[in-house]
Amino acid sequence: AKRDGRAHYQYFSPEMNVEMLERMHLEQRLRKAVKQSEFYLEYQPVIDMHSGEVTSVEALVRWQDPDYGVISPQAFIPIAEEAGLIEPLGEWILQQALSDLAQWHAQGLMLKMAINVSARQCIHSRDISFFDILKQTLAKHDIAAENLHIEITESMLIEDKPQCLQTLESIKQLGVDIYLDDFGTGYSALSYLTQCPISVIKIDKSFIDNALDNPSDAKLIKAIVMMAQSLEMPLVAEGVETVEQWHFLRNLGCDYAQGYLMSKPLAKAELVEFLRHAKPF
Ligand code: C2E
Ligand code: CA
Ligand code: CA
Ligand code: CA
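Please read these numbers as outputs of a predicted model, since none were measured by experiment. (Residues numbered from 1 in each chain as written. Chains lettered and ligands numbered in written order. Predicted model: local features only at pLDDT ≥ 70, side-chain atom pairs only at ≥ 80, totals over all residues. Heavy atoms only, no water.)

(A) Inspection of the coordination of the calcium ion (ligand 3) at higher detail. Taken together, Asp181 (OD), Asp182 (OD), Glu238 (OE) and Glu238 (OE) make up the protein donors of the calcium ion (ligand 3), found 2.1 to 2.5 Å from the metal. Donor residues for the calcium ion (ligand 3) sit on one chain with the sequence pattern D-D-x55-E. For the pair the calcium ion (ligand 3) and the calcium ion (ligand 2), the metal-to-metal distance amounts to 4.0 Å, and Asp181 bridges them. Placement of Asp181 in strand 6 (residues 177–183) and of Glu238 in strand 8 (residues 235–238) is noted, with a sequence separation of 57 residues between them. With a relative accessible area of 8%, Asp181 lands in the buried category. (Donors = N, O, S within 2.8 Å, 3.2 Å for Na, K, Ca; no water. Helix = DSSP H or I, 4+ residues; strand = E, 2+ residues; numbered from the N terminus. Buried < 20%, exposed > 50% of the residue type's maximum accessible area, 1.4 Å probe, protein only.)

See below:
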């Protein structure tokens, strides 16, 4: 019994207790935050490398906690997914982003909007499907499906493939394009690129980071560009921070770029200012 007790005690080590408590605490706060909508969106411009103009913005969620300040999505999205909070949160994000988009359109700013969607949202365990929510929200704000695209990751195409794939097919049919985010960081076969309804590929920032000092990363980027071109899929480079990276990518034939060089994610009002004063990049 003593051994068991010790084993038990070791399992719940003090560090782990603290971790679990913090985790539970965070989950509770997140639950409350979803109820009270303690979130806001920032928008990062995506630039057409040929024309130098902003063509779309990617909506990125932030959590404004009254005590802790702004919390990064990398810290809370995984918890929201596990705690079953990503569906209500995702719905809020969609509503907010499309409401902002409708406002910009009314002001004559003809942008497109990108929204990140996690696998859980697509698989849905509720009475209303993600597809229906998407369709209804577009209709509510009177936005044509062509003005919205969603970003998904490779893992979404692997896990729970049949249901996810079906949902993605209907979304694509509706006119909402599907972008493959963080390309190159997964461990999947390339066959899904043609089997799934993917329209655009986003090369992960980690490749762009080392593009100019690491010859093998440069070669990988070249290979990805060639592959995308032969599949006739436009390519977005994310995390472009320097002019050298911009030139390298543009010379290779990359189509769109996103990164701190052009703009960080901006609050709604800042984005409008940015667009008013932006000259083609
Ligand atoms: P992501 O979709 O790959 O988004 C790109 C991330 O890279 C963003 O971080 C953006 O701020 C950052 N970034 C863009 N350009 C640069 C650059 O030049 N340099 C550097 N260092 N970073 C750059 P963020 O906003 O912290 O978001 C992190 C991740 O959280 C996102 O990665 C996405 O996976 C997730 N996320 C964000 N918003 C949402 C959302 O509304 N829904 C879901 N499901 N996930 C979201
Ligand atoms: Ca994204
Ligand atoms: Ca990404
Ligand atoms: Ca990423």
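(B) Representation of the side chain of Asn147 in the model. Topologically, Asn147 is positioned in the loop between helix 6 (130–140) and strand 5 (148–153). Not counting the four nearest positions on each side in its chain, Asn147 is found in contact with Leu101, His105, Leu111, Lys112 and Met113. (Contact = heavy atoms within 4.5 Å.)

(C) View of the site of ligand 1. By nearness alone, 21 residues border ligand 1, and Arg62, Asp181, Lys205, Glu241 and Tyr260 come closest of all. In the environment of ligand 1, a nitrogen atom lies 3.1 Å from a nitrogen or oxygen atom belonging to the side chain of Gln44. A distance of 2.5 Å separates a nitrogen atom of ligand 1 from a polar side-chain atom of Glu241. Contact with the protein chains removes 83% of the 800 Å² of surface that ligand 1 exposes when unbound. Only strand 2 (54–65), helix 3 (73–82) and strand 6 provide two or more residues apiece to the shell around ligand 1. No other element matches strand 2, which puts 4 residues into the shell around ligand 1. Split into classes, the residues belonging to the shell around ligand 1 amount to 8 nonpolar, 6 polar and 7 charged. (Near = heavy atom within 4 Å. Polar contact = N/O pair within 3.5 Å; in protein donor to acceptor, adjacent residues only side chain to side chain. Areas by Shrake-Rupley, 256 points an atom, 1.4 Å probe, with all protein chains shown as cover. Nonpolar A, V, L, I, M, F, W, Y, C, P; charged D, E, K, R; others polar.)

(D) Just helix 4 (residues 86–106), in detail. Relative to the 30 Å expected for 21 residues at 1.5 Å per residue, helix 4 spans 30 Å between its end C-alpha atoms, a close match to the ideal helical length. Looking only at helix 4, the buried set comprises Ile86, Glu87, Leu89, Gly90, Ile93, Leu94, Ala97, Leu98, Asp100, Leu101, Trp104 and His105. The buried residues of helix 4 occupy an angular sector of 165° when the element is viewed end-on, so they sit on one face. The positive-phi residue at the C-terminal boundary of helix 4 is Gly108, with phi of around 90°. (Expected span 1.5 Å × (residues − 1). Arc of directions from axis to C-beta.)

(E) Inspection of the pattern of salt bridges at higher detail. For the structure on display, the rule yields 13 salt bridges. Among the salt bridges present, the one from Arg29 reaches Asp65, with a minimum N-O distance of 3.0 Å. Of the two residues, Arg29 sits in helix 2 (residues 14–36) while Asp65 sits in strand 2, which places them 36 residues apart along the sequence. For the pair formed by Arg29 and Asp65, the shared burial category is buried. The partner of Lys202 in a salt bridge is Glu58, and the shortest N-O contact between them spans 3.0 Å. Taken together, the residues Lys202 in strand 7 (residues 200–203) and Glu58 in strand 2 connect sequence positions 144 residues apart. For the pair Lys202 and Glu58, one class covers both residues: buried. One network of salt bridges, with partners in common, ties together Arg23, Glu27, Arg31 and Glu82. (Salt bridge = Lys/Arg side-chain N within 4 Å of Asp/Glu carboxyl O.)

(F) Looking closely at the packing of aromatic side chains. The final tally for this structure, using the stated rule, is 6 aromatic pairs. Residues Phe39 and Trp92 carry aromatic rings whose centres are separated by 6.2 Å and whose planes lie at 50° to one another, so their mutual orientation is tilted. Here Phe39 is found in strand 1 (residues 39–48), whereas its partner Trp92 is found in helix 4, with 53 residues between them in sequence. Given a relative accessible area of 8%, Phe39 falls into the buried group. (Phe/Tyr/Trp six-rings, centres within 6.5 Å; stacked < 30°, edge-to-face > 60°.)

(G) Layout of the environment of Leu235. Within the secondary structure, Leu235 sits in strand 8. Leu235 gets classed as buried once you look at its relative accessible area, which sits at 2%. Considered as a pair, Leu235 and Val225 are 10 residues apart in the sequence and their alpha carbons are 7.3 Å apart.

(H) Examining the side chain of Ser263 more closely. The topology assignment puts Ser263 in the loop between strand 9 (256–258) and helix 13 (268–277). Owing to a relative accessible area of 5%, Ser263 belongs among the buried residues under this scheme. In this structure, Ser263 is in contact with Gln44, Pro45 and Phe274, ignoring residues within four places of it in sequence.

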